[in-house]
Amino acid sequence: MTKSKTKKTAFSDFKERNQKSGGYLLKKKIMGGGVSICRALLLFGMCFLILQPILNKISVSFMTEEDLYNPVVISIPQNFTTENYKIAADILNYKEALVNSLFTSLTIAVLQIAVCTLVGYGFARFKFPFKSFWFACVILVILVPPQTISSSLHLHFRFFDVMGIIQAVKGESLNLRGSALPYYMLSAGCMGLKNGLYIYMIRQFFRNIPEDMEEAAYVDGCGTLKTFVRIMLPQAKPIITSCFLFSFVWQWTDGFYSKMFLGTKPLVSTSLARLVDSLGAYIQRVMGIKTTVSLAYSNCILSTGTLMIIVPLIILYLFAQRTFVESISSTGIKM
Amino acid sequence: MKKQKGKLAGLQKRKAISGYLFISPFIIGFLMFMVKPLCQSFYMSFCTVELGSGIFNEIWIGLENFVEAFTIDPDYNRLLVEEFTRMMAYSLGIIVFSFFVSLILNQEFKGRAMVRAIFFLPVILSSGVIIGLETDNQLMDTLAQTIEMTTENVSITDALEEVLRTAGVGVRAFEEVFELIDNIYDVAIASGIQIIIFLSGLQTIPSSMYEAASIEGCTKWESLWKITFPMISSLFLVNWIYTVIDFCMRSDNGVIEKIQTVMLDQMNYGLASAMSWIYFIIVLAFVGLTSFFISKGVYYYD
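Residues numbered from 1 in each chain as written. Chains lettered and ligands numbered in written order. Predicted model: local features only at pLDDT ≥ 70, side-chain atom pairs only at ≥ 80, totals over all residues. Heavy atoms only, no water.

A. Region of interest: the overall build of chain B. On a plain count of helices and strands, chain B comes out with 15 helices and two strands. Just so you have it, chain B exposes about 16200 Å², and 66% of that area is on carbon and sulfur atoms. (Helix = DSSP H or I, 4+ residues; strand = E, 2+ residues; numbered from the N terminus. Areas by Shrake-Rupley, 256 points an atom, 1.4 Å probe, with all protein chains shown as cover.)

Set out below in structure tokens:
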């Protein structure tokens, strides 16, 4: 009884206010509702657009081969199977590749972000001669496609030498190709995958932190390094987390550097790229007869493989999503 | 007085030294792994490279590699032109799309956190090898065809395209737009970072500006053009550069694939260097030229 009464009064109250405002309130309410409905439709459509391929892959990965050819079966498999996962895991060498990728991505991401944070801080806080020149170099590093220098990097590490020292000691230059060492060296020198971008982002973040805290630390007798570690690093946690995530994820899926420097190790990214080619050989080995693999089936295995590789990233993303999204969008990148 | 001045110079010197120490990893890396390979690959593009055991020889042949890339190689010219037109259309599409999406994502509504999470998912999904595999997935194409056939051509976009085509004005421009709309997935999946950058810019605009404008009788549409647009115009520049570079370095880019095959499969380092230098200079010139024009329109608030 009382409930309907309050409702009624609320309605009459609204009516009264609407009359007072000359119909403006009602108009505004309707407009607001219309806008939010349009927005919801639009966002639903776009979210579906982004999620649909993943959903599609999930449904395809559980299908048997005959389901793929059945025009009636679109998203729910008729003959449910997990065979595809077994085959994909076998071909990808999944466990080994996963461990390898995890190790490589983690170490490289840690190394890259550690170095980039140092450099970014140096650019943000210190005044030194030729600073703008060196910063222009950072921009150049962002702009130069790694493909341009890839051929000569290739040779650089094939005949590796530091100013002729190794040549003098061992008699010939080192062949560092086929080991992961060159890539760690590149990362330590900020020349890894998209490292210029990390330096740029970290620099922007440090520039936005007020200088008072640092000055207080200096006055209290803190050295430069100690100030950096004790005062500035804790404040830069959000940007470091998100850069670390970027670095990890991009390293995980990277085909270019992995193919060039880490080609001998089974990594998820490189074995995924070869998946379709190895499928034929695999089936031949298992069945004992030479067969050509149908297009639909190889694509089905490819979808399964892709899914298996994305899953660790999605799990990571779910956990770190809040830090990732919020920290990045609150960084306030300015030119 | 004099003593104090000397002390200040000492502090500045110390600061300069520690600054150099902080950026020293970058300097070393830049000199070792960027300058040297860059010069070398520039030199190599004028040579043929012969690989021997333990050594490699570079034999100067002048501009022959460049001539070969342009006139002898059957694919290179075609790929350059194709990728370049695709890049322009897509970059424009990506900028418009990401600006639009970030405007929506900046508003208050229920479930915003979830929608944001979904929109940033492409940052993960569109990276590295995955994007290359995505584009030539015939199974998905056949599935899409099946769905299209069962729905018997009741497609709004088709009908709209038909109407616009029969209108007969600016058909070629429309064709580009149609292609973009048909491939809206590619655009959406490539614009994760751009959305993030735009969002971060939108959040730095003080809300008092909008309030003042609306009190003065400014409509939402007007404040979009008079406040939002100028305030984040500098980010258009950043995003444009990032988009173009990102598009040019994607591993499913035709030119990049071509360079990779020439280098790794045919072992023709000289030709590969020449090709990548041509590509790099074209891209750099394009980025420089366009960003020069964009930066003229950029408005700086402070």
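B. Fine view of the overall build of chain A. In terms of regular secondary structure, chain A is built from 17 helices and zero strands. A total of 335 residues make up chain A; the buried ones form 48% of that total. When contacts within chain A are restricted to residue pairs at least 6 apart in sequence, long-range pairs at least 24 apart make up 70% of them. Accessible surface computed for chain A: about 17100 Å², of which carbon and sulfur atoms make up 66%. (Buried < 20%, exposed > 50% of the residue type's maximum accessible area, 1.4 Å probe, protein only. Contact = heavy atoms within 4.5 Å.)

C. Layout of the packing of aromatic side chains. The tally for this structure, following the rule as stated, stands at 40 aromatic pairs over all chains. The ring of Trp250 of chain A carries Lys194 of chain A above its face, with NZ or CZ at 4.2 Å from the centroid. (Phe/Tyr/Trp six-rings, centres within 6.5 Å; stacked < 30°, edge-to-face > 60°. Lys NZ or Arg CZ within 6 Å of the ring centre and 35° of its normal.)

D. Expanded view of unusual backbone geometry. Residues and elements named next belong to chain A. Positive phi is not limited to glycine here, since Phe130 has a value of about 65°. You can see Phe130 is positioned in the loop between α5 (94–125) and α6 (131–143). On the basis of relative accessible area, Phe130 is assigned to the exposed category, the value being 61%. Unusually for a residue other than glycine, Cys190 sits at a positive phi of about 60°. Here Cys190 lies in the loop between α9 (181–188) and α10 (195–208).

E. Main features of the nonpolar core. Phe26 and Phe119 of chain B are the most contacted members of the largest nonpolar core, which has 170 residues in total. Split by domain, this core shows at least three residues from each of two domains, domain 1 (1–44) and domain 2 (45–297) of chain B. Once residues within four sequence positions are removed from consideration, Phe26 of chain B is found in contact with Val119, Trp134, Cys137, Val138, Val141, Gly189, Cys190, Met191 and Ile199 of chain A. (Core = buried A, V, L, I, M, F, W, Y, C linked by side-chain atoms within 4.5 Å. Domains from an automatic or database assignment.)

F. Layout of the domain arrangement of chain B. All names here are of chain B. Each assigned domain of chain B is listed here: domain 1 (1–44) and domain 2 (45–297). Taken together, the contact pairs six residues of domain 1 with twelve residues of domain 2. Taking both partners together, domain 1 and domain 2 bury about 830 Å²; carbon and sulfur atoms supply 61% of that area. Broken down residue by residue, the surface that domain 1 buries against domain 2 is led by Phe42, Tyr43 and Met44, which jointly contribute 77%. Taken together, the connections running from domain 1 to domain 2 amount to zero salt bridges. For the pair domain 1 and domain 2, the number of links is seven residue pairs in polar contact (both at pLDDT 80 or more). Looking at the side of domain 1 that touches domain 2, its residues break down into four nonpolar, two polar and no charged. (Buried area = accessible area lost by both parts, 1.4 Å probe. Salt bridge = Lys/Arg side-chain N within 4 Å of Asp/Glu carboxyl O. Polar contact = N/O pair within 3.5 Å; in protein donor to acceptor, adjacent residues only side chain to side chain. Nonpolar A, V, L, I, M, F, W, Y, C, P; charged D, E, K, R; others polar.)

G. Examining the pattern of salt bridges more closely. Residues and elements named next belong to chain B. Per the counting criterion, the structure on display carries eight salt bridges over all chains. Note that Asp75 is salt-bridged to Arg78, the shortest N-O span being 3.4 Å. In this structure, a network of salt bridges that share partners links the residues Asp73, Asp75, Arg78, Glu82 and Lys258.

H. Spatial organisation of the environment of Pro266 of chain A. All names here are of chain A. Relative to the helices and strands, Pro266 is located in the loop between α14 (256–261) and α15 (268–273). When its relative accessible area of 22% is taken as the criterion, Pro266 is described as partly exposed. Apart from the residues lying within four places of it in its own chain, the contact partners of Pro266 are Glu96, Ala97 and Asn100.

I. The interface of chain B and chain A, seen in detail. Taken residue by residue, the interface counts 89 residues in chain B and 98 residues in chain A. Of the roughly 8400 Å² buried at the junction of chain B and chain A (both faces included), carbon and sulfur atoms supply 79%. Run the count over chain B and chain A and you get one salt bridge. We note a salt bridge from Lys194 of chain A to Asp246 of chain B, for which the minimum N-O separation is 3.4 Å. The interface formed by chain B and chain A includes five residue pairs in polar contact (both at pLDDT 80 or more). Examining the composition of the side of chain B that touches chain A, we find that 21 residues originate from one element, helix α1 (residues 2–44) of chain B, more than from any other. Here the side of chain B that touches chain A is composed, by residue class, of 63 nonpolar, 19 polar and seven charged.

J. Molecular detail of a nonpolar patch on the surface. Side chains of Phe44, Phe48, Leu55 and Ile58 of chain A sit close together on the surface and give an oily, nonpolar patch of about 420 Å² of accessible area. Within the fold, Leu55 of chain A resides in helix α2 (residues 24–61). (Patch = residues over 30% accessible without salt bridge, like charges linked within 9 Å, V, L, I, M, F, W, Y side chains within 5 Å.)

K. Representation of the layout of surface pockets in the model. Taken as a whole, the largest pocket encloses approximately 1800 Å³ of empty space. Along its surface, the largest pocket is lined by 35 residues, and Val35 of chain A together with Gln107, Lys220, Trp221 and Ser223 of chain B are the ones closest to its centre. Elements with a contribution of two residues or more to the lining of the largest pocket: α2 of chain A together with α3 (76–105), α11 (207–215) and α12 (220–231) of chain B. For the lining of the largest pocket, the class distribution of residues is 19 nonpolar, nine polar and seven charged. (1 Å grid on protein atoms, 1.4 Å probe; cavity = no way out; pocket = protein on both sides within 12 Å on 5 of 7 lines; lining within 4 Å. Points joined across faces, edges and corners; volume = space filled by probe spheres on them.)

L. The arrangement of the side chain of Ser105 of chain A in detail. Relative to the helices and strands, Ser105 of chain A resides in helix α5. Looking at Ser105 of chain A, the relative accessible area reads 2%, which means it is buried.

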